[in-house]
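Chains, contacts and geometry: an overview
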Amino acid sequence: MLPAAIVLGISLYLMYHFTGALHPYGKWLHLAASEGQRLVIATLLFFQFVKISPHDLQFKSWHLKALALQVGLFLLFALGVLFTESGSTLCMLLECAMLCFICPTASAAGVITDRLGGHLAGTVTYLVIINLAGTFLIPLVIPLVNPSAQMGFWAYVGHLALQVFPVLILPGLLAWLVRYTLPRLQRRLMRWAPNSFFIWGVGLTLAMVLSTRALLLSHLGPWAFGGIVVISVLSCALQFFTGHRMQKDAVDNLTAGQALGQKNTGFLIWLGYNYMTPVTSVAGGLYAIWQNLYNSWELYRKEQEKL
């Protein structure tokens, strides 16, 4: 399903791009795709929070290791940007690496983790941790590497928090309100929750629509595009590989790999386009392809083990 969603999303945008009659509606179609993806992410998180209680959100040692890796490499690449010529290809590639490492965990990570046999609560716990860390760290660093940004620190924090709250915090609050006030409804939602995997197919399709748009509007040269391909592939591979080897326990390793490697690429695209060099948003679209191809392989391998 995931490769099919990738192909469908790319095809839908190309159909719009090459159909002149649709261009007057471009603004509204883009708004529908971007807001639709945010709705999908919030819905996925709601079903994950429905299945776990607040007491299940427990901090583990791999959470600290994963956070240290993401934040450490983000700061390292940001330091590289500071000492690189602004506007150069190298500077743009370092910015892409920054975004690929600080980007928060995807809402679908819990869905994939659950289907693979990992700890859903562990993934959701890290999702909350990295989103809160990013909300404060990103506004602190971006004005340093991109001085053209006019917002002050707290303006950045507030703007990013407004993006995070409806997608991350609100679904959790609603799910736990249902848990403690409508237990019968909560049990029904828990039985339906495994089907939320298919909602992610819709979300991935919308993500690829936005990614294809970002790529075509970037007008990248072949060398710059090739560099972004390499950066996105290496970033994706390193984070999945490192996460899968953080703990001795196999289930914790699986959980850490998904939490660290699977990114909210819609947020990455939005952040790159609005606050960094706009072409860095292409890294988000490419990362979405690599992580979902890898997830498809993992799910296929899991199904084969059941046979």
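For the structure itself, look to the data block above.
Residues numbered from 1 in each chain as written. Predicted model: local features only at pLDDT ≥ 70, side-chain atom pairs only at ≥ 80, totals over all residues. Heavy atoms only, no water.

1. Some thoughts on helix H5 (residues 109-116)
Extensive coverage of H5 is indicated by the burial of six of its eight residues. At the exit of H5 stands Gly117, carrying a positive phi of roughly 95°. (Buried < 20%, exposed > 50% of the residue type's maximum accessible area, 1.4 Å probe, protein only. Helix = DSSP H or I, 4+ residues; strand = E, 2+ residues; numbered from the N terminus.)

2. Section: the environment of Val282
Mapped onto the elements of the fold, Val282 is located in helix H13 (residues 281-306). As a C-alpha pair, Val282 and Ile269 span 13 residues in sequence and 6.9 Å in three-dimensional space.

3. Section: helix H4 (residues 89-102)
The end-to-end C-alpha distance of H4, which contains 14 residues, comes to 20 Å, matching closely the 20 Å that a straight helix rising 1.5 Å per residue would cover. Among the 14 residues that make up H4, 12 are buried, leaving the element largely enclosed by the rest of the structure. When we look at burial in H4, the residues that qualify are Cys91, Met92, Leu93, Leu94, Glu95, Cys96, Ala97, Met98, Leu99, Cys100, Phe101 and Ile102. (Expected span 1.5 Å × (residues − 1).)

4. Re the packing of aromatic side chains
For the structure on display, the rule yields seven aromatic pairs. With a centroid separation of 5.6 Å and an interplanar angle of 80°, the aromatic rings of Phe46 and Phe47 are classed as edge-to-face. Residue Phe46 is classed as buried on the basis of its relative accessible area of 17%. Look at Phe47 and you get buried, because its relative accessible area is 9%. A ring pair is formed by Tyr294 and Trp297, whose centres lie 5.9 Å apart and whose planes are at 35°; its orientation type is tilted. On the criterion of helical spacing, the pair formed by Tyr294 and Trp297 is a turn pair, its members being three residues apart in helix H13. Note on Tyr294: relative accessible area 24%, which makes it partly exposed. Grouped by ring-pair contacts, the aromatic residues Phe240, Tyr294 and Trp297 constitute a single cluster. Above the ring of Trp28, the side-chain terminus of Lys27 is found at 5.8 Å from the ring centroid. (Phe/Tyr/Trp six-rings, centres within 6.5 Å; stacked < 30°, edge-to-face > 60°. Lys NZ or Arg CZ within 6 Å of the ring centre and 35° of its normal.)

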